[in-house]
Amino acid sequence: MDPDDTAVALLHQLAGQVAGCTRCRLAAGRTNVVFGTGDPKANLMFIGEGPGEQEDLQGLPFVGRSGQLLDRLMLEEIGITRSHCYIANMTKCRPPGNRDPMPDEISACRPYLESQLDLIAPKVVVTLGRFASQALLDSTEGITRLRGRVYPYRSGYLVPTFHPSAALRGGGTVVAQMRSDFVRAKEVLLSPARTTAKGAGQHRVSGADSSHA
Ligand code: SF4
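Residues numbered from 1 in each chain as written. Predicted model: local features only at pLDDT ≥ 70, side-chain atom pairs only at ≥ 80, totals over all residues.

1. Some words on the overall build of the protein chain
Let me state the cut-off plainly: Strands are runs of DSSP state E lasting at least two residues, helices are runs of H or I lasting at least four, and both sets are numbered from the N terminus onward. The atom set for the radius of gyration is the C-alpha atoms, and the globule formula is 2.2 Å times the number of residues raised to the power 0.38. Three exposure classes are used, all based on how many other C-beta atoms lie within 10 Å of a residue's own C-beta (placed from the backbone): buried at 20 or more, exposed at 12 or fewer, and partly exposed between those limits. With C-beta atoms placed from the backbone, a contact is any residue pair whose C-beta atoms sit within 7 Å.
For the protein chain, the helix and strand inventory stands at 8 helices and 6 strands. When the elements of the protein chain are put in sequence order from the N terminus, they spell out α-β-β-α-α-β-α-β-α-α-β-β-α-α. Against the compact-globule benchmark of 17 Å for 213 residues, the protein chain has a radius of gyration of 16 Å, which places it among compact chains. The burial tally for the protein chain puts 43% of its 213 residues in the buried class. Looking at the protein chain alone, contacts between residues at least 24 apart form 72% of all its contacts between residues at least 6 apart.

Take a look at the structure:
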């Protein structure tokens, strides 16, 4: 079997395993586990913090107003739709009342995210918001200080930006900063790969031109 096909099969198997997870207290209040969605061979992966109400009901990440903004910025600044990337969260179950996920919940769920990163092996990870950015960069800096830069991450790169819900609350300035972060992610996506783990040309992002490369 092609190694990529094996990874896709293992990702599917992992989703089945996570569907029954009771590792942390968030299992008690969930309607659905929100494992992730998109292209399991994507070069670009977005990681948010945790499912909200609509995500919990539908079992899909970023399907509410935040998701609409994410879709719009993705299309307008990177030139792709969500079927050309992969979207997941730090926690796969909804924190009650949309509270922030607690450190022990993030830790309990972290191995699933690490397995997703292993199997998808994206060249570029865009972290959406403070929780995902701090956790993946192992930093205590706020998102305002973390964003605006590209970080080496695994065999590729990490581009931190705001969570779309912060942009909905914060208005034009935050949206403009998110746009510039998405352009940064596109530039890195089109740049030479850091390692041979997954070359830039192997999994092209459909719809992205090379004008920023
Ligand atoms: S949040 Fe993660 S660790 Fe906690 S129950 Fe859900 S899938 Fe399991």
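2. Side note on the environment of Ala166
Mapped onto the fold, Ala166 is located in helix H7 (residues 164-170). Sequence spacing of Ala166 and Leu128 is 38 residues, and the spatial spacing of their C-alpha atoms is 9.6 Å. Excluding its chain neighbours within four sequence positions, the residues that come into contact with Ala166 are Gly129 and Val174.

3. Regarding helix H5 (residues 130-137)
Every buried residue of H5 is listed here: Arg130, Phe131, Ala132, Ser133 and Leu136. For H5, the secondary structure elements touched by its buried residues are strand E2 (44-48), helix H4 (103-120), strand E4 (124-128), helix H6 (143-146), strand E5 (151-153) and strand E6 (156-161). Count one or two residues on from H5 and you reach Asp138, which has phi positive near 50 degrees.

4. Details of the pairing of E4
Quick note on the threshold: Pairing between strands requires that DSSP locate at least two bridges from one strand to the other.
With 5 of 5 residues buried, E4 lies mostly within the body of the structure. With 4 bridges joining them, E2 and E4 adopt parallel strand pairing. Counterpart to Phe46 in the pairing with E4 is Val126. Judged from the 5 bridges that link them, E4 and E6 form a sheet pairing that is parallel. Note that in E6 the partner of Val124 across the bridge is Tyr157.

5. Some thoughts on the sheet that holds E6
Read from one edge of the open sheet, 6 strands run E1-E3-E2-E4-E6-E5, paired in mixed fashion. Pairing within the sheet leaves two strands with one partner each, and these edge strands are strand E1 (37-38) and E5.

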